[in-house]
Amino acid sequence: MKKYFSLVLFAHSVFALPFAMIGFFLGVTTTESPFSWYKLILVLLCMVFARNSAMAFNRYLDRNIDAKNPRTKMRDIPAGKVSANEAMIFVIINCVLFAITTYFINPLCFYLSPVALFVVLFYSYTKRFTALCHLVLGLGLALAPIGAYIAVTGHFALVPVLYSLTVLFWVSGFDIIYALQDEEFDREEKLHSIPSALGIKNALNVSVLLHVLSATCVILPVFFTSFSWVYYVGIVFFCSMLIYQHLLVKPNDISKVNRAFQTLNGYASVVFAVCFLIDAYLRHK
C-alpha cells in the first residue's frame, strides 16, 4: 500500500477536499437536508477514489514523458517502484469503487458518476493537444463542491456552482505557475501548456487573471447567503494567499514555485474551509 500512497500523492487532496466539505455543509445548512454521517463518509470515499483514479491514470499515461523529464524521472513508474500494469489495475479498481459509492448516495450522483470520471481522467490527455489543459485540471477539482452538495440535496444550486468556479479558476491559475518549471521541456517535447505557448511572463499574467476571477467567485456567495464575520476572515485569507504566491514567483525567478504551489494553496483551501465551517456552526447552533 505504501507504494500506491506515493503514486497518488495524497497530500494533493488538500486542494479539493476542503471545498468538498464546503459543498457538503452548505447543503446541510442552507436546505432542509439533514446531516448524515453515512453520506459524509460516502462523499469522503468518493473523493479518495476519484483522486486515486485521476492521479494514478496521469502517472500511467505520462510514464514515458516523465522518464524523459529530469524533474519527474524519479516518479514511481519511471523509477520502477510501480509497474504500468499495477497502476492501471489501481485506476480501474478505484473507478469501479467510485461508481459503486455514488450508487449508495443518490440517483443523480450515480448517473453523473461517468461524467465525473471522464473529466478527471481526460485531463491527462489534454497536454498533448491544448494549452488549456490547466483549465481541464481545474474543472476536475471543481467537481468537488458541487458534487458534495448534490450528494446532500440531490439537486443543483447557484452558490455551490460559485464555489466550483472558485476552484476552477484557482486551480487553473496555480497549475500554470507549477507548469513554469517545465516550460522548456514542454516546448522541446511538443507538449502544450500556457507557459510553453506564451512564455513565462505572459503565463503569469494569465494566472493573475484566473486568480482574480477565483477571488471574485469566492466573494459572490455573500450576496446569496447570510454569513457571519468569520466567513469574511476566510475570504481575506484566501485572497491574501492568491496575492502572496504571485509575489513569490517572478518572470526572472521561479525558484519558489513549489512553495507557492503546495504550501500556500494548501493553506488557502484549508483555512478558508475551516472559516466556512466555523461560520456555519455559529449561525446554526
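The structure this text deals with has already been given above.
Since the structure is predicted, the reported quantities are computational estimates derived from the model, not experimental observations.

Student: I keep staring at the overall build of the chain and nothing clicks. Help me out?
Tutor: Counting secondary structure elements, the chain contains 13 helices and 0 strands. In the chain, the succession of α and β elements from N to C terminus is α-α-α-α-α-α-α-α-α-α-α-α-α. Over its C-alpha trace the chain gives a radius of gyration of 19 Å, about what one expects of a compact globule, namely 19 Å for 285 residues. In terms of overall dimensions, the chain has a C-alpha envelope of 55 × 40 × 30 Å along the principal axes. With 285 residues in all, the chain has 55% of them scored as buried.

Student: Even after reading the chapter, I still don't get the packing of aromatic side chains, so can you show me in this structure?
Tutor: A complete count under the given rule lists 26 aromatic pairs for this structure. Ring centres 5.6 Å apart and planes at 45° place the aromatic pair F19 and W170 in the tilted group. With F19 in helix α2 (residues 17-30) and W170 in helix α8 (residues 158-179), this residue pair connects regions lying 151 residues apart in the sequence. The residues F19 and W170 share a single accessibility class, namely buried. Measuring from ring centre to ring centre gives 6.3 Å for Y231 and F276, while their planes differ by 70°; the resulting arrangement is edge-to-face. Here F276 lies in helix α13 (residues 257-284) and Y231 lies in helix α12 (residues 229-248), a separation of 45 residues in the sequence.

Student: Looking at this model, I keep getting lost on unusual backbone geometry. Mind explaining?
Tutor: Leaving glycine aside, a negative phi is the common case for residues, and trans is the common case for peptide bonds. Unlike most non-glycine residues, K190 shows phi in positive territory, near 60°. Secondary-structure assignment places K190 in the loop between α9 (183-188) and α10 (194-198). Residue class for K190 comes out exposed when judged on its relative accessible area of 67%.

Student: Explain helix α3 (residues 37-61) here, please?
Tutor: Given 3.6 residues per helical turn, the α-helix brings residues three or four places apart onto the same face. Look at α3: 36 Å from first C-alpha to last across 25 residues, which is about the 36 Å you get at 1.5 Å a residue. Summarising burial for α3: 18 of the 25 residues are buried, a large majority. One side-chain oxygen at the N-terminal end of α3 lies 3.3 Å from the backbone nitrogen of Y38; it belongs to S36.

Student: Where do I start with α12 in this structure?
Tutor: With 20 residues, α12 ought to run about 28 Å at 1.5 Å a step, and its terminal C-alpha atoms sit 29 Å apart, in line with that. What α12 keeps buried is the set V230, Y231, G234, I235, F238, C239, M241, L242, Q245, H246 and L248. Contact partners of the buried residues in α12: α2, α8, α11 (200-219) and α13.

Student: Hey, could you run me through the packing of α2 against α13 in this one?
Tutor: Two elements in contact, α2 and α13, have axes separated by 9 Å at closest approach and are oriented at 15°. Compared by their axis directions, α2 and α13 come out roughly parallel. For the pair α2 and α13, the sense of crossing is left-handed. In contact with P18, F19, M21, I22, F25, L26 and T29 of α2, α13 contributes S269, V270, F272, A273, F276, L277, A280 and H284. Counted by class, the contact of α2 with α13 contains 12 nonpolar, 3 polar and no charged residues.

Student: What am I meant to see in the pattern of salt bridges here?
Tutor: If the charged atoms of two oppositely charged side chains come close together, the side chains can form a pair. Going through the model one piece at a time under the given rule, you end up with 6 salt bridges. In this structure, D66 engages R75 in a salt bridge whose closest nitrogen and oxygen atoms are separated by 3.3 Å. A salt bridge links R71 to D182; the shortest N-O distance between them is 2.5 Å. Of this pair, R71 sits in the loop between α4 (63-68) and α5 (84-103) while D182 sits in the loop between α8 and α9; the two residues are 111 residues apart in sequence, bridging distant segments of the chain. Relative accessible area serves as the criterion here: at 10%, D182 is assigned to the buried category. One continuous salt-bridge network, built from bridges that share partners, spans D62, K127 and R128.

Student: In this structure, what is going on with the side chain of S269? I would like to understand it.
Tutor: As for its placement among the helices and strands, S269 is situated in helix α13. Among the residues examined, S269 registers a relative accessible area of 0% and is labelled buried. Polar contacts involving the side chain of S269 include one to the main-chain carbonyl oxygen of G266, which spans 3.1 Å.

Here is what the cut-offs are and how they apply
Residues numbered from 1 in each chain as written. Predicted model: local features only at pLDDT ≥ 70, side-chain atom pairs only at ≥ 80, totals over all residues. Heavy atoms only, no water. Helix = DSSP H or I, 4+ residues; strand = E, 2+ residues; numbered from the N terminus. Rg over C-alpha atoms; globule rule 2.2 N^0.38 Å. Buried < 20%, exposed > 50% of the residue type's maximum accessible area, 1.4 Å probe, protein only. Phe/Tyr/Trp six-rings, centres within 6.5 Å; stacked < 30°, edge-to-face > 60°. Expected span 1.5 Å × (residues − 1). Polar contact = N/O pair within 3.5 Å; in protein donor to acceptor, adjacent residues only side chain to side chain. Contact = heavy atoms within 4.5 Å. Axes fitted to C-alpha atoms, helices over the stretch in contact; angles between N-to-C directions. Parallel < 35°, antiparallel > 145°, perpendicular 65-115°, else oblique. Left-handed = near helix turned anticlockwise from the far one by under 90°. Nonpolar A, V, L, I, M, F, W, Y, C, P; charged D, E, K, R; others polar. Salt bridge = Lys/Arg side-chain N within 4 Å of Asp/Glu carboxyl O.

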